[in-house]
Amino acid sequence: MRGIADKTGRRRAAGWLAATVALLAVPGLSQERFRRVPPVPDPRQELRLPAIETATLTNGLTVAAATRPGSRLVTVQLVILAGESHSPERTPGVAALTARMIGRGTKLLSAEEVESMIESLGAEFWVSVEMDYTVLSVEVLEENLDRALLALRFMVLDPQFVDKEVNTVKRVLSYELRDREKDPSFIGRRQLLRTLFKGHPYQVSGYGWDVLKNVTSRDIANFYGRFYRPNNAAFVITGGLDLAGAVRKANQYFGAWVRQPVDRPIPPPPKPNDRERVCFVNMPTLQEAFVFVGNLAMPMTSPDYFPFLVLNQVLGGTMGSRLFMNLRESKQYAYDASSEAQFFHTSGVFWARAVVLPERIYPAVQEIVREMRILAAEKAVTSEIEQAKSFLVGGFPRKFESPEDFALILSQVVALGLGDQHWNRAPESLMLVNTEKVLETAQRYFPAPPVVIVVGNGAWGVEVLKDFNLVEIYDINGNLTMTVRKGVER
Amino acid sequence: MTIKTRILIPLASLAVSLYVAMAAPLPQAPVKAGPPELYRLRNGLRVVLAEDASLPLVSVVVAYGAGTVRERSGEEGLAYLMENLMFQGSENVSPLQHINFIQKVGGAFNANTTFDKAVFYETLPSNQLALALWLESDRMKSLTTNPFIFARKREELLMEHRRRLATEPYLESFAIFDNLLYPDYAYGHPLIERGDELMTLTEEDLTAFHDAYYVPNNAVLVVVGSIQAARARELVARYFETIPPGPAVPPLPPPRFSQDGEAVMTMREALLPYPGFHFGYRFYPLQTGDKYTLKILEYVLLHGGQSRLNQRLLRKDRTAYYLSGMMEDRGGVPALRVFVTNNNAVMAERCQKALADEIDRLRRDLVPEQELNRAKNLFKRDYYKTRSTFVDRALTLADAAFAGAPVDAGDAELDPYMKVAASSLMTLVNRLCSPRNRAVLNLGAR
């Protein structure tokens with residue numbers, strides 16, 4: 001039986017009932033006044049992240065430390081200043097394969113022994129390969145830090161790239177990529193990067209599982225030999241250690257790492273997209289179309305960066321944003337509509353995204369482009385800008401909550417040379433953005449002809465694309481299979 | 001850097017000054033971190049406060065003893081529907097505004113329902129603690145719904161669940177295995193099964209459920225973050241103290257099992273891409289210290305590349321294509337659950353034998369010291385990791401408060417886990433890994 005009350009409970013409930021009845025008897029007092037409206041917030045507390053302190057060892061290894069007092073876990077990251085964009089054009093994916101081979105055996109230890117060593121310390125090792133840099137991370141209990149550093153030293157300084165392990169890693173990476181290729185959002189984003197960065201070093205990041213088979217252990221060894229050098233790396237540590245302690249540890253375990261000249265080309269800024277392009281990627285299982293409308297953006301070091309974050313927020317960052325209100329609430333074209341951006345060393349990319357029924361593809365694209373052009377033509381109202389800033393500033397500290405997120409942002413700041421403006425002063429930088437700056441930024445980035453990617457089901461037929469002037473049709477691996485002009489196959 | 005924000009529902013208007021308001025006097029600098037404080041309001045609400053000034057954030061958790069175990073026969077899906085309707089409006093917060101208020105200040109939120117609890121939580125800038133308490137107290141005090149909202153939400157959940165069933169071919173098997181592993185209706189029925197059960201629920205069912213279980217005397221409120229305890233106590237009292245208690249909530253019935261031998265079932269489903277199986281042991285009855293031993297057993301078997309099942313099934317024998325598992329606890333009865341898919345039926349059979357063989361090995365041979373230490377160290381790291389964010393810490397404290405465990409044990413809580421001996425593991429496996437505690441659900445044509 002629901003809500004069985006014992007005698008004490010009944011008496012207590014009866015007392016409350018009497019009090020409530022008495023309250024209700026007085027007009028206008030059915031509830032306390034303070035319940036009627038949201039409360040006024042307390043004064044805002046400032047974000048005070050630990051300072052990032054840096055030093056350089058004699059072998060060129062940069063050491064960076066940001067102390068997190070009281071943390072029982074230490075995160076150590078070796079940041080290699082070479083990422084996916086540094087993979088040679090003929091072997092895309094080699095940066096990822098090289099990073100994944102770290103830990104797959106050393107001159108003295110097998111892959112199994114390395115894994116056992118790491119796990120016995122209660123540690124976790126993982127790698128993250130970005131466009132411009134690679135992060136090798138170990139998270140470990142504070143008391144086991146030295147042994148974890150010793151393991152990391154073996155893994156990074158004495159790796160072996162034997163064919164058996166290379167093939168295992170290639171197989172695992174292929175499975176992972178095939179799994180990701182089931183996600184239309186991944187496919188759409190990859191096609192967008194391939195299209196926007198065609199002929200540019202950033203294009204190689206759009207590789208598929210099929211190209212991994214071409215990479216050999218020699219390619220991996222070459223990539224390692226070229227980029228995995230102390231003068232092309234940073235030792236980044238977060239936990240209880242200060243800079244002096246970090247330098248001591250770095251010297252002890254990585255001081256013998258031999259310096260060598262490193263030729264690391266910095267990708268030039270890509271050429272702007274000069275014509276509207278529409279690409280359809282065929283994913284036969286889809287019931288709805290995933291539409292992406294995107295273009296190039298700026299690197300994080302640009303003065304446009306913070307205004308662009310606010311602009312992106314206004315366009316599609318929250319459920320009050322223009323895309324959502326237009327495509328879902330007003331036109332009912334999409335269940336979901338949003339916009340995102342990603343930033344690299346010398347460039348960036350943004351895209352608006354909506355999930356729509358096949359017959360809504362064209363009108364949805366038109367509305368997205370229209371919203372962008374409006375933002376480039378007219379000032380947004382102040383309340384809209386302030387709301388976007390409130391969201392961004394209020395949510396900023398959450399990025400630093402977990403040790404791994406904290407460490408990854410720290411690595412990014414170090415790898416891209418971002419400085420305090422992207423650390424402690426980011427909220428301040430966001431608060432300084434105003435309507436004028438947002439308009440200027442929109443005028444710089446939104447009027448350019450966009451790239452439109454539609455991930456959809458080829459079985460829908462070319463009818464759904466008839467309103468577009470020219471559509472390039474691709475298979476899931478990015479191979480152009482045909483073009484369609486005004487709904488007619490060519 | 002990727003900036004990703006997902007938008008789901010429409011936005012209602014709200015003044016944007018919530019974040020930047022500077023009207024109140026500046027508070028004193030909060031202490032860096034302190035032990036949690038547990039107290040109870042007059043209406044029975046248990047409150048846990050924990051200060052941590054490492055970031056200017058605050059997490060608020062409100063947990064109700066209102067999980068599926070409170071559903072009666074014919075009410076399946078009620079706890080889940082209730083959780084979702086808690087975002088659809090209360091006396092002073094119109095439908096969906098709850099989410100809008102939190103997102104506008106840069107906050108994040110979520111909710112979930114388990115067999116025993118419905119848990120609601122949010123993380124916001126620390127100066128917005130009052131906002132979180134205002135929102136949570138309003139929906140505790142005065143959930144409002146109407147036939148339209150009720151019917152729409154019910155329909156949405158049904159459609160969403162059907163989509164999941166269509167895209168996650170193994171989903172239904174997990175619900176079936178719940179029943180098999182916990183053959184007690186109250187503890188074994190899932191959050192949602194086929195989804196159709198939602199359509200028989202009425203608004204009256206919902207209101208009665210809220211009145212009975214979404215009451216302060218059946219709830220725990222946890223606040224963790226950069227707060228001043230005195231200010232937090234004041235705000236908690238302001239928003240929650242005058243909410244009337246509900247009727248006394250009966251304690252959960254103890255789980256009852258009437259299984260004599262191994263429970264084995266086969267599910268044949270044409271849409272399953274691979275054969276596989278669910279395999280589990282219920283650990284019942286427990287003795288003092290068993291829960292610590294079981295946790296270490298979980299790490300020996302399942303956590304890390306060097307864990308026994310990972311090594312045997314995925315690497316050595318290569319009979320498994322996919323492996324996952326965990327230890328869960330329902331009503332004080334823990335259970336080890338393992339889910340495996342295999343390339344074909346022959347592999348599935350071999351794999352199941354190998355799994356049973358690994359359990360037998362634990363019966364016969366002591367786990368070597370080095371392996372035991374590996375398991376303990378991984379557990380220790382996870383222990384700290386699961387308390388590394390404000391919301392994770394708040395959720396952990398809510399669990400402790402519900403279980404009547406100390407909320408301020410600190411690292412001493414780790415000690416009994418670190419003292420588990422290899423002989424305890426062997427004894428436990430011999431005592432409890434018996435056919436009458438075992439359940440197997442075979443998947444696909446075997």
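Undergrad: Describe the packing of helix α2 (residues 94-101) of chain A against helix α5 (residues 163-180) of chain A, naming the residues involved and giving the relevant values.
TA: All names here are of chain A. Direction vectors running N to C along α2 and α5 enclose 120°, while the axes themselves pass 10 Å from each other. As the angle between them shows, α2 and α5 are arranged oblique. The chirality of how α2 crosses α5 is right-handed. Judged by residue contacts, A96, L97, R100 and M101 of α2 engage E165, V166, V169, K170, V172, L173 and E176 from α5. A per-class count over the contact of α2 with α5 returns seven nonpolar, no polar and four charged.

Undergrad: Which residues make up the nonpolar core, and what values go with them?
TA: One finds F308, I368, W423 and F446 of chain A together with V222 of chain B to be the most contacted residues of the largest nonpolar core, which totals 95 residues. With residues near it in sequence (within four places) discarded, F446 of chain A still touches F308, L311, L315, F350, M372, L375 and A376 of chain A. Counting 76 residues, the second largest nonpolar core, distinct from the first, contains V94, V114, V169 and V215 of chain A.

Undergrad: Could you give me a rundown of the packing of aromatic side chains, with the residues and numbers involved?
TA: Summed over the entire model, instances satisfying the criterion amount to 41 aromatic pairs over all chains. Measuring from centroid to centroid gives 5.5 Å for F308 of chain A and F350 of chain A, while their planes differ by 55°, and the two rings are tilted. Taken together, the positions of F308 of chain A in helix α9 (residues 305-316) and F350 of chain A in strand β10 (residues 348-356) put the pair 42 residues apart, joining distant regions of the chain. Look at F350 of chain A and you get buried, because its relative accessible area is 4%. Members of the aromatic cluster, joined through ring pairs, are Y305, F306, F308, F343, F350, Y445 and F446 of chain A. We note K117 of chain B situated over the ring of F402 of chain B; from NZ or CZ to the ring centre the distance is 5.4 Å.

Undergrad: I'd love a proper account of helix α12 (residues 382-395) of chain A, names of residues and values included.
TA: Look at α12 of chain A: 20 Å from first C-alpha to last across 14 residues, which is about the 20 Å you get at 1.5 Å a residue. What α12 of chain A keeps buried is the set I385, A388, K389, S390, F391, L392, V393, G394 and G395 of chain A. Looking at the buried residues of α12 of chain A, the elements they touch are α9, α14 (426-431) and α15 (435-445) of chain A together with β4 (57-64), α2 (97-104) and β6 (118-125) of chain B.

Undergrad: Outline helix α8 (residues 229-240) of chain B, supporting the account with residue identities and numerical values.
TA: Across its 12 residues, α8 of chain B extends 16 Å between first and last C-alpha, which sits within 8% of the 16 Å expected from 1.5 Å per residue. For α8 of chain B, the secondary structure elements touched by its buried residues are β2 (37-40), β3 (46-51), α3 (129-141) and β7 (219-225) of chain B.

Undergrad: Kindly report on the sheet that holds strand β9 (residues 276-282) of chain B, identifying the contributing residues and their values.
TA: All names here are of chain B. Strand order in the open sheet formed by five strands is β8-β12-β9-β11-β10, with mixed pairing between adjacent strands. Pairing within the sheet leaves two strands with one partner each, and these edge strands are β8 (263-267) and β10 (322-330). Here the average twist between neighbouring strands, direction ignored, is 15°. When β9 meets strand β12 (residues 438-443), the two strands line up antiparallel, connected through six bridges. By the bridge assignment, G276 is partnered in β12 with L443. Of the strands in this sheet, β9, β11 (333-341) and β12 are in contact with helix α11 (residues 345-364), which crosses β9 at around 25°.

Undergrad: Requested: an account of the interface of chain B and chain A, with residues and values cited.
TA: Each partner contributes to the interface: chain B provides 89 residues, whereas chain A provides 84 residues. When chain B packs against chain A, close to 7,600 Å² is buried across both sides, 56% of that on carbon and sulfur atoms. Across the chain B-chain A interface, the total number found is 10 salt bridges. The partner of E115 of chain A in a salt bridge is R315 of chain B, with the nearest N and O atoms 2.7 Å apart. Seen at the junction of chain B and chain A, the total is 30 residue pairs in polar contact (both at pLDDT 80 or more). Residue contributions to the side of chain B that touches chain A peak at seven residues, all from helix α12 (residues 369-385) of chain B. Taken together, the residues that form the side of chain B that touches chain A break down as 46 nonpolar, 24 polar and 19 charged.

Analysis parameters
- Residues numbered from 1 in each chain as written.
- Chains lettered and ligands numbered in written order.
- Predicted model: local features only at pLDDT ≥ 70, side-chain atom pairs only at ≥ 80, totals over all residues.
- Heavy atoms only, no water.
- Axes fitted to C-alpha atoms, helices over the stretch in contact; angles between N-to-C directions.
- Helix = DSSP H or I, 4+ residues; strand = E, 2+ residues; numbered from the N terminus.
- Parallel < 35°, antiparallel > 145°, perpendicular 65-115°, else oblique.
- Left-handed = near helix turned anticlockwise from the far one by under 90°.
- Contact = heavy atoms within 4.5 Å.
- Nonpolar A, V, L, I, M, F, W, Y, C, P; charged D, E, K, R; others polar.
- Core = buried A, V, L, I, M, F, W, Y, C linked by side-chain atoms within 4.5 Å.
- Buried < 20%, exposed > 50% of the residue type's maximum accessible area, 1.4 Å probe, protein only.
- Phe/Tyr/Trp six-rings, centres within 6.5 Å; stacked < 30°, edge-to-face > 60°.
- Lys NZ or Arg CZ within 6 Å of the ring centre and 35° of its normal.
- Expected span 1.5 Å × (residues − 1).
- Pairing = 2+ DSSP bridges.
- Buried area = accessible area lost by both parts, 1.4 Å probe.
- Salt bridge = Lys/Arg side-chain N within 4 Å of Asp/Glu carboxyl O.
- Polar contact = N/O pair within 3.5 Å; in protein donor to acceptor, adjacent residues only side chain to side chain.

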